[in-house]
Amino acid sequence: MEPSLLINTNRADYVASIENEGRVETLTNSDSAEVLTFLERRPIHTAYLAGLVRDNGIENPLNRGTFYGYRNQLNQLEGVAVIGHATLMETSSDQAIHAFAQTAQSCHKIHVLMFEENHLDKFWDSYAAADQRMRHAGRQHLLELRWPMDVSRVSNLRPATTQDLPLLIPVHAELALTESGIDPRDEDAAGFAERYARRVQQGRTWVLIENDELLFKADVIAETPETTYIEGVWVNPETLQQDYGRRCMSQLARMLLWRTKSISLFVNDENEAAQEFYKQSGYHTRTVFDTIYLK
């Protein structure tokens, strides 16, 4: 009994050791089904990544980055990351975090890193070894809304059209400037406008416009069976007393929750007014993400 027990224990240790020795590989469209299955284990946390795969596939310049996978020696997927303009990952493996960080050192187009809390420190320890420097660091609360909820109706809330772009692009650029400290139009005005126009053409932007004045907008970034991820929420500051923001978000949620189980979004840790707004609207914090904007 004792020798058999000793052999089994050593074998278990050996297998565990093998599983911890992995590799990073560039993913291809042939990996899409496996990647989506992996991401669907935590659908709220991975909505952005899953949305890229669903909308564009894995190999597509519209992703503005490259998808990588981390596999252990048993060829099991333990991590998925997109490394590029916005760099995100999904993994519970420290080995994968450090491996992705080393891979990211060779990418010179990274604008922002965004990882679940406690993961970014581990990533940064390896990534910053290549003399990478941060420009700004912050935190984001990941919020989620499910039924039941209070519903308000806004009859003229509608999908935006390309005719609305002159109103939308300056507002969206201002949101990006507030969040990151950089106006995206300064670096690539045409590309920024083109990407936003594509979103509008996909029917992903919702607006309330009255008398040629933008009162509210919100962008659907990703849709999966489990959650719809939105960002770019803006309320005209001159109309705050009229409660457009709460009413439009309620109406938008009513429409979206017919085709998905929840709505998720991020709100800046320093924006206490926005946090209170979403709390009153029925959203609950699920976790916190750390962000670093690079120089």
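What counts and what doesn't
- Residues numbered from 1 in each chain as written.
- Predicted model: local features only at pLDDT ≥ 70, side-chain atom pairs only at ≥ 80, totals over all residues.
- Heavy atoms only, no water.
- Helix = DSSP H or I, 4+ residues; strand = E, 2+ residues; numbered from the N terminus.
- Rg over C-alpha atoms; globule rule 2.2 N^0.38 Å.
- Buried < 20%, exposed > 50% of the residue type's maximum accessible area, 1.4 Å probe, protein only.
- Contact = heavy atoms within 4.5 Å.
- Areas by Shrake-Rupley, 256 points an atom, 1.4 Å probe, with all protein chains shown as cover.
- Lys, Arg positive; Asp, Glu negative; His and termini not counted.
- Charge placed at Lys NZ, Arg CZ, Asp CG, Glu CD.
- Axes fitted to C-alpha atoms, helices over the stretch in contact; angles between N-to-C directions.
- Parallel < 35°, antiparallel > 145°, perpendicular 65-115°, else oblique.
- Left-handed = near helix turned anticlockwise from the far one by under 90°.
- Nonpolar A, V, L, I, M, F, W, Y, C, P; charged D, E, K, R; others polar.
- Salt bridge = Lys/Arg side-chain N within 4 Å of Asp/Glu carboxyl O.
- Patch = residues over 30% accessible without salt bridge, like charges linked within 9 Å, V, L, I, M, F, W, Y side chains within 5 Å.
- 1 Å grid on protein atoms, 1.4 Å probe; cavity = no way out; pocket = protein on both sides within 12 Å on 5 of 7 lines; lining within 4 Å.
- Points joined across faces, edges and corners; volume = space filled by probe spheres on them.
- Pairing = 2+ DSSP bridges.

**Q** Honestly, the overall build of the protein in this entry has me stumped. Any pointers?
**A** Regarding its fold elements, the protein presents 9 helices and 12 strands. On C-alpha atoms alone, the protein measures out to a radius of gyration of 21 Å, which is about the 19 Å that the 2.2 N^0.38 rule sets for 295 residues. Over its C-alpha atoms, taken along the principal directions, the protein stretches across nearly 80 × 45 × 35 Å. Looking at the protein as a whole, 48% of its 295 residues are labelled buried. Long-range pairs, those at least 24 residues apart, make up 69% of the contacts in the protein with a sequence separation of at least 6. Total accessible area on the protein stands at roughly 15,200 Å², and carbon and sulfur atoms take up 48% of it. Across the protein, the centroid of the 29 positively charged side chains sits 4 Å from that of the 42 negatively charged ones.

**Q** In this structure, what is going on with the packing of helix 2 (residues 32-39) against helix 3 (residues 47-56)? I would like to understand it.
**A** Any two packed helices are characterised by how steeply their axes cross, that is the angle between the axes, and by the distance between the axes. In contact at an axis separation of 10 Å, helix 2 and helix 3 are set at 155° when each is read in the N-to-C sense. When the axis of helix 2 is compared with that of helix 3, the two are roughly antiparallel. Seen along the crossing, helix 2 lies across helix 3 with a hand that is left-handed. Touching Ser 32, Val 35, Leu 36 and Leu 39 of helix 2 are Leu 49, Ala 50, Val 53 and Arg 54, all from helix 3. Across the contact of helix 2 with helix 3, the residue classes tally to 6 nonpolar, 1 polar and 1 charged.

**Q** Mind showing me how you'd approach the pattern of salt bridges here?
**A** Side-chain pairs of opposite charge can arise where the charged atoms are in close proximity. Evaluated as defined, the whole model comprises 22 salt bridges. Here Arg 204 and Glu 223 are joined by a salt bridge, their closest N and O atoms 3.6 Å apart. You can see Arg 204 sitting in the loop between helix 7 (184-201) and strand 8 (205-210) and its partner Glu 223 sitting in strand 9 (residues 213-223), a full 19 residues away along the chain. For Glu 223, a relative accessible area of 27% corresponds to the partly exposed category.

**Q** Looking at this structure, how should I read helix 3?
**A** Residues three or four positions apart in an α-helix share a direction because the helix packs 3.6 residues into each turn. For helix 3, the tally of buried residues reaches 7 of 10 residues, placing the bulk of the element in the interior. Within helix 3, the full set of buried residues consists of Ala 47, Leu 49, Ala 50, Gly 51, Leu 52, Val 53 and Asn 56. Of the residues flanking the end of helix 3, it is Gly 57, one or two places downstream, whose phi is positive at about 80°.

**Q** Just to check I follow, could you spell out the environment of Arg 23 for this structure?
**A** Among the secondary structure elements, Arg 23 is positioned in strand 1 (residues 23-26). You can call Arg 23 partly exposed: its relative accessible area is 37%. Placed 54 residues apart in sequence, Arg 23 and Leu 77 show a C-alpha to C-alpha distance of 9.8 Å. Once you skip the residues sitting within four places of it in the chain, Arg 23 turns out to touch Gly 69, Tyr 70, Arg 71, Asn 72 and Asn 75.

**Q** I'm lost on a nonpolar patch on the surface in this one. Help?
**A** On the surface, Trp 147, Val 151 and Trp 258 cluster together to form a nonpolar patch covering roughly 370 Å² of accessible area. If you trace the backbone, Trp 258 turns up in the loop between helix 8 (244-256) and strand 11 (262-268).

**Q** When you look at the layout of surface pockets in this model, what are you seeing that I'm missing?
**A** If you roll a probe as big as a water molecule over the atoms, it shows you where there is empty space left. Its boundaries defined by the atoms lining it, the second largest pocket holds a volume of some 280 Å³. Along the wall of the second largest pocket there are 13 residues; nearest its centre are His 85, Cys 107, His 108, Lys 109 and Ile 110. The residue inventory of the lining of the second largest pocket, partitioned by class, reads 5 nonpolar, 5 polar and 3 charged.

**Q** Looking at this structure, I do not really get the sheet that holds strand 9. What am I missing?
**A** In a beta sheet, neighbouring strands are held together by backbone hydrogen bonds and run either parallel or antiparallel to one another. Strand order across the open sheet formed by 12 strands is 1-2-3-4-5-12-6-11-10-9-8-7, with mixed pairing between neighbours. Two strands in the sheet have a free side with no partner beyond their single neighbour: strand 1 and strand 7 (158-159). Pairing between strand 3 (residues 77-84) and strand 4 (residues 86-91): 4 bridges, direction antiparallel. Directly across from Ala 81, in strand 4, lies its bridge partner Met 89. This element, helix 2, spans strand 2 (65-71), strand 3 and strand 4 of the sheet and lies at about 105° to strand 3. Strands strand 8 and strand 9 of the sheet are contacted by helix 7, whose axis makes an angle of about 85° with strand 9.

**Q** How should I be thinking about the packing of helix 6 (residues 165-180) against helix 7 in this particular structure?
**A** Viewed as axis vectors pointing N to C, helix 6 and helix 7 meet at an angle of 125°, and their least axial separation amounts to 10 Å. With respect to helix 7, the element helix 6 is oriented oblique. For the element pair helix 6 and helix 7, the recorded crossing hand is right-handed. Note on element contacts: helix 7 touches helix 6 through Pro 184, Arg 185, Phe 192, Ala 193, Tyr 196, Ala 197, Arg 199 and Val 200, opposite Leu 165, Leu 168, Ile 169, Pro 170, His 172, Ala 173 and Ala 176.

Nothing here speaks to function; it is geometry throughout.
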